Amino acid sequence: MAFHHKHLFISLFFFLSFILPIINTLSTVSISQSSNSNQTLICVLKPQNKQKHSNLNCTSFPPSTIKLDINPNVSFSQIVGGNGFLCALTSSSNSSNSIMGCWRFSLSSNSTTNIPFKRIYRGPFIKDIYAGNSHVCGLIKGTNGFRPECWQWKGFNSTNPKMKRNMSSIAMGENFACGLLENEKGNNVTCIGSNKKVVDEPKNGRDYSLIEAGSNHVCAITNDGSLDCWGDMVGEKPKGRFISLALGENRSCALGYDGLITCWGLNNFTLPLRLRETYFESIVAKKSVFCGVLTSNYSLFCWGNENFESKKDAFKVFDNVLPGPCKNQCPCGPLPDSAKLCVSPAIICKPCLPSFEIPSSPPLNPPLGSPGNSSKSGTWSNKMVAFLVIGCVGCSILLLALSFFFYKYCRGTICRSKSRVHDSGRLDDLDHETELEPRANPAVLEKRLSHVISKGNGGSLLEEFSIQTLIEATGNFSEENKIGVGSFGSVYRAKLEDGKEVAIKRAEMSTNSPLFGNVSVTKRQEDNDSAFVNELESLSRLHHKNLVKLLGFYEDKNERILVYEYMNNGSLNDHLHKFQTSTIMSWSGRIKVALDAARGIEYLHKYAMPPIIHRDIKTSNILLDSKGVAKVADFGLSLMGPEDEESHISLLAAGTVGYMDPEYYRLQHLTTKSDVYSFGVVLLELLSGYKAIHKNENGVPRNVVDFVVPFIVQDEIHRILDPKLPPPTPFEIEGVAFVGYLACDCVRLEGRDRPSMSHVVNSLEKALEACLAQPINCESDRSTTSTVSNE
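Residues numbered from 1 in each chain as written. Predicted model: local features only at pLDDT ≥ 70, side-chain atom pairs only at ≥ 80, totals over all residues. Heavy atoms only, no water.

*Asks:* Could you clarify how one ought to interpret the overall build of the protein chain in this entry?
*Replies:* Each helix and strand counted, the protein chain has 16 helices and 38 strands in total. By the burial criterion, 54% of the 791 residues in the protein chain qualify as buried. With the model as given, the accessible surface of the protein chain reaches about 35,900 Å², and the carbon-plus-sulfur share is 52%. (Helix = DSSP H or I, 4+ residues; strand = E, 2+ residues; numbered from the N terminus. Buried < 20%, exposed > 50% of the residue type's maximum accessible area, 1.4 Å probe, protein only. Areas by Shrake-Rupley, 256 points an atom, 1.4 Å probe, with all protein chains shown as cover.)

*Asks:* I tried to follow the sheet that holds strand β16 (residues 208-213) on my own but got confused; where do I start?
*Replies:* Through backbone hydrogen bonds, the strands of a sheet pair up, either in parallel or in antiparallel fashion. Strand order in the open sheet formed by three strands is β16-β17-β18, with antiparallel pairing between adjacent strands. For this open sheet the edge positions go to β16 and β18 (227-231), each flanked by a neighbour on one side alone. The average undirected angle you get between the axes of adjacent strands in this sheet is 20 degrees. Two strands pair when backbone bridges link them, and β16 and strand β17 (residues 217-222) are joined in this way by five bridges, in the antiparallel orientation. Bridge pairing in β17 places Ala213 opposite Val218. (Pairing = 2+ DSSP bridges. Axes fitted to C-alpha atoms, helices over the stretch in contact; angles between N-to-C directions.)

*Asks:* Looking at this structure, I do not really get helix α14 (residues 730-746). What am I missing?
*Replies:* Within an α-helix, residues lying three or four positions from one another point in the same direction, as the helix has 3.6 residues per turn. Between its first and last C-alpha, α14 extends 25 Å over 17 residues, near the 24 Å set by a 1.5 Å rise per residue. Most of α14 is tucked away: 13 of the 17 residues are buried. (Expected span 1.5 Å × (residues − 1).)

*Asks:* For this particular structure, what's the right way to read the sheet that holds strand β23 (residues 289-294)?
*Replies:* On the basis of which strands lie adjacent, the open sheet formed by four strands has the order β22-β23-β24-β25 and antiparallel pairing. Of all the strands in the sheet, the pair left with one neighbour each is β22 (280-286) and β25 (316-318). Across the sheet, the mean angle from the axis of one strand to that of its neighbour is 30 degrees, orientation sign disregarded. As paired strands, β23 and strand β24 (residues 300-303) are joined by four bridges and run antiparallel to one another. Note that in β24 the partner of Phe290 across the bridge is Trp303.

*Asks:* Help me understand the packing of helix α12 (residues 672-688) against helix α13 (residues 704-713), please; the structure alone is not making it clear to me.
*Replies:* Each pair of packed helices can be summarised by the angle the axes make with each other and by the distance between the axes. Interaxial distance between α12 and α13 falls to 10 Å at its minimum, and their mutual angle equals 70 degrees. Regarding the angle of α12 to α13, the classification is roughly perpendicular. Where α12 crosses over α13, the handedness of that crossing is left-handed. Residue-level inspection shows Tyr677, Val681, Leu684 and Ser688 of α12 in contact with α13, the latter providing Val704, Val705, Val708, Val709 and Ile712. A breakdown of the residues in the contact of α12 with α13 according to their chemical character gives eight nonpolar, one polar and no charged. (Parallel < 35°, antiparallel > 145°, perpendicular 65-115°, else oblique. Left-handed = near helix turned anticlockwise from the far one by under 90°. Contact = heavy atoms within 4.5 Å. Nonpolar A, V, L, I, M, F, W, Y, C, P; charged D, E, K, R; others polar.)

*Asks:* Help me understand the pairing of strand β33 (residues 550-555) in this model?
*Replies:* The side chains of a regular strand alternate, first on one face of the sheet and then on the other. In terms of burial, β33 is a largely internal element, six of the six residues being buried. Across two bridges, the pairing between strand β29 (residues 463-464) and β33 is parallel. Along β33, the bridge assignment pairs Glu463 with Gly552. Pairing analysis gives five bridges linking β33 to strand β34 (residues 560-565), with the strands arranged antiparallel. Bridge pairing links Leu550 to Tyr564 in β34.

*Asks:* Explanation requested: the pattern of salt bridges in the structure shown.
*Replies:* Pairing of side chains with opposite charge becomes possible as their charged atoms draw close. For the coordinates displayed, the defined rule picks out 18 salt bridges. A salt bridge links Asp228 to Lys237, with the shortest nitrogen-to-oxygen separation between them at 3.7 Å. It is possible to trace a salt-bridge network through shared partners that takes in Arg590, Asp722 and Lys724. (Salt bridge = Lys/Arg side-chain N within 4 Å of Asp/Glu carboxyl O.)

*Asks:* Whenever I open this one, the side chain of Glu732 confuses me. Can you help?
*Replies:* Within the secondary structure, Glu732 sits in helix α14. Not counting the four nearest positions on each side in its chain, Glu732 is found in contact with Trp587, Ser588, Pro727 and Cys771.

*Asks:* I keep staring at unusual backbone geometry and nothing clicks. Help me out?
*Replies:* A negative phi holds for most residues other than glycine; trans holds for most peptide bonds. Residues Phe61 and Pro62 are joined by a peptide bond in cis, for which omega reads -15 degrees. When you line up the elements, Pro62 lands in the loop between β3 (56-61) and β4 (67-68). For Asn175, which is not a glycine, the phi torsion comes out positive at approximately 65 degrees. The class of Asn175 is partly exposed, set by a relative accessible area of 30%.

*Asks:* Would you mind going over helix α15 (residues 757-772) with me for this structure?
*Replies:* Taking 1.5 Å per residue as the helical rise, α15 with its 16 residues ought to reach 22 Å, and the 22 Å between its terminal C-alpha atoms agrees with that figure. Looking at α15, one finds that the buried residues are Met757, Ser758, His759, Val760, Val761, Ser763, Leu764, Ala767, Leu768, Ala770 and Cys771.

*Asks:* In this structure, what is going on with the packing of α12 against α15? I would like to understand it.
*Replies:* Running from N to C, α12 and α15 point in directions that differ by 25 degrees, and their axes come no closer than 11 Å. Classified by the interaxial angle, the pair formed by α12 and α15 is roughly parallel. Relative to α15, α12 is oriented so that their crossing is left-handed. Of the residues in α15, those in contact with Val676, Phe679 and Leu683 of α12 are Met757, Val760 and Leu764.

*Asks:* Just checking my understanding: could you explain the nonpolar core for this structure?
*Replies:* Here is a general trend for soluble globular proteins: nonpolar side chains tend to be buried in one another's company. One finds Phe679, Leu683, Leu684 and Leu764 to be the most contacted residues of the largest nonpolar core, which totals 62 residues. Considering each element in turn, this core owes the most residues, ten residues, to helix α10 (residues 587-607). Apart from residues no more than four positions distant in its own chain, Leu683 is found in contact with Ala594, Val739, Leu742, Ala743 and Leu764. (Core = buried A, V, L, I, M, F, W, Y, C linked by side-chain atoms within 4.5 Å.)

*Asks:* How should the packing of aromatic side chains be read in this particular structure?
*Replies:* When we look at a pair of aromatic rings, we describe it by the centre distance and by the angle of the planes. As enumerated under the stated definition, the model contains eleven aromatic pairs in all. Pairing Phe125 with Phe146 gives two aromatic rings, centres 6.3 Å apart and planes at 70 degrees, and the pair type is edge-to-face. Here Phe146 lies in strand β12 (residues 146-151) and Phe125 lies in the loop between β9 (118-124) and β10 (126-131), a separation of 21 residues in the sequence. The exposure class assigned to Phe125 is partly exposed, which follows from its relative accessible area of 26%. The class of Phe146 is buried, set by a relative accessible area of 15%. Members of the aromatic cluster, each reached through a chain of ring pairs, are Phe269, Phe280, Phe290 and Trp303. (Phe/Tyr/Trp six-rings, centres within 6.5 Å; stacked < 30°, edge-to-face > 60°.)

*Asks:* Teacher, can you tell me more about the pairing of strand β32 (residues 501-507) here?
*Replies:* In terms of burial, β32 is largely enclosed, as five of its seven residues are buried. The sheet contact formed by strand β31 (residues 489-495) and β32 spans seven bridges and is antiparallel. Across the sheet, Val491 pairs through a bridge with Lys505, a residue of β32. As judged from the five bridges shared by β32 and β34, these two strands associate in the antiparallel manner.

*Asks:* Would you mind going over the environment of Asp69 with me for this structure?
*Replies:* Residue position: Asp69 is located in the loop between β4 and β5 (76-82). A sequence separation of 34 residues divides Asp69 from Trp103, and the C-alpha atoms of the two residues are 8.4 Å apart.

*Asks:* Would you mind going over the environment of Leu684 with me for this structure?
*Replies:* Residue placement: Leu684 occurs in helix α12. Classification of Leu684 as buried rests on a relative accessible area of 0%. Excluding anything up to four places from it in sequence, Leu684 contacts Gly689, Val704, Val705, Val708, Val709, Ile712, Ala743 and Val747.

*Asks:* Any chance you could explain the state of the cysteines here in plain terms?
*Replies:* Disulfide: a covalent bond connecting the sulfur atoms of a pair of cysteines. Counted according to the given criterion, the structure contains seven disulfides. For Cys43, the disulfide goes to Cys58, at an S-S distance of 2.0 Å. Because the torsion about its S-S bond is 110 degrees, the bridge between Cys43 and Cys58 counts as right-handed. In this pair, Cys43 sits in strand β2 (residues 40-45) while Cys58 sits in strand β3, placing the two residues 15 residues apart along the sequence. Across a sulfur-sulfur distance of 2.0 Å, Cys178 and Cys191 are joined as a disulfide pair. (Disulfide = S-S within 2.5 Å.)

*Asks:* Is there a simple way to explain the environment of Glu732 in this structure?
*Replies:* Overall, Glu732 belongs to the buried group, its relative accessible area being 14%. Separated by 35 residues in the primary sequence, Glu732 and Ala767 place their C-alpha atoms 8.6 Å from one another.

*Asks:* Looking at this structure, how should I read the side chain of Arg702?
*Replies:* Here Arg702 shows up in strand β38 (residues 701-703). You can call Arg702 buried: its relative accessible area is 16%. What Arg702 contacts, discounting residues up to four positions off in sequence, is Tyr690, Ala692, Ile693, His694, Asn696, Glu697 and Phe707.

Take it as geometry only, folks, not as evidence of what the structure does.
Shown next, in the form of structure tokens:
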């Protein structure tokens, strides 16, 4: 009967090994070493308090002045480290999204400056993170499992067929990565990278439960606990049954089922004598340094470096360290007393191991770190087997039921929203994130590209301003500093501490909705978020003298703010319709402004990669600097801040009434010719002085296109020219008329009949030349403005 029970349990164990994790990776301890010195930084996650304040603690060996800028109000769930960097996942109640950031530092530097935390990822949930000497990877939740994604790795290719498959864990070494593939029995290891001995020699053909990598070698634990290793491993691998691994550079350690550690490697590397009878819960390594969390009291002991042994309390580095990440569910139950280490209801999971493989009891005199006198008997009674079978069957039924309901629910709601993940370039090109909690609207905010922030405008670094700096610069966003309205909020004039004047656009944030949500409020908030993302993405990769320059930003769950160069001469709309006196009170001045704006739009259409369609070209989005140079502004593209309720349209198409391409509005068919139409309306405003939508003598709204174009077509442009300007001189009238013909071509009903912006620029250059020099024969050139360019 006992034989039958034992084999029944073995069968159950191998069944469960495919659906349950064998052991948690020790992602609550990180080791960072300098590539050119003997300096080591060890960081740990400690138990959280009820306020969930930061649980990250670090110390260096030998002692140094390095200091990380850690937000005291943010807690972390996992950490990893490498050569000169530490990366962390933030804790969050939102299990569908994750935020990861890094500190990058020089361990050989004596600088005491706080090292900033710079976010490199915000997006779908990350289950685990891993680090090699130089790279960071994670397992990101996908449609059917967890797929790998890596950052700060130029040669990594996420489209590689090997890396597009679902994985249960990753191991990273020096310029290579290996992963355990899910549900692929007998062929469940795949590797990529430049280390051929690792990549070309995976030990497939056996089923593995855990994989770990050193600098130049890989070891994996089979489902029966034995070891397989390949690559440039130094030393002879030990025999026995193991549950965890820690591999460094030319040295390795393994944690056995009995809780004891075995080490091997270069120069007969072994575990220090004092630790050989010590029970450990988990272990981790980086290059020459190894650390482990004791079973008895969860303190951290480290070895492999003389700095640890020479300490007063030899080998001990930290007290009370988390032996694993806090999680809400554990398939094989919690570690003893681990509930007190996490904020309820989270616990730390114990390994899913076959109990019959664990020694029946610890030694009579437990050594340092032993689990005490708790019994680990290998005898199984009929009742125990019955409970095990019933429990396994019940859990399987529950999992199937939950999967079914999740599938049904996902099809109808959650899974309709898609997220995007991106690389962010170098660690030291990223930006400081002062607020790390995910926002209430992740579906929109996940559109934000992390690398956009790091690249800046035209390759220059975007500055991430603090909210306090912006509050002081705007007088707490006072009404007297408010100068206008943009695509997602109000615009303020501000002066920074260095005396530099800037324009600050602050998003209008909606308050939380009631239980079932206010659809209009929620939709408005999503549109504001979308406009913020669009403007940040567009302007961060553009650089042209006729486009307003983005200088920096600030954003958290409550605020979305963009900072621009200040255009102290106002907008073209101000000069045409508001100012009593204007700097463009000549026809050549107005044509020069039109030419500047046209060059900016041409850059968007022809030279930006990929091309950008502004979608909201209008006089209030053409700004003038102190030298009178006109620049195109506001790349929100969706909703414009209302000057009045009549000047905007619904979300069926983006833009402003009076400027919107009727073909785009009617057919929702957007092309660059939609911007050409809008610019044609701007030209008509410049010529006539009438607003795009204005009232006639009887107070009835009228479109400038319907009113002005017939006069130009009938060669009676003089009847609609702006009376605020002196009549054109003989040297100017031909150029002004030429602009009129160009405007008529731009506002043709069908986009294919309109000129390109390159053609518009060429025509305005001719018109300006005519105004400043001598008249041209507009009649002979009129036909050229009707010739549509296909550029």
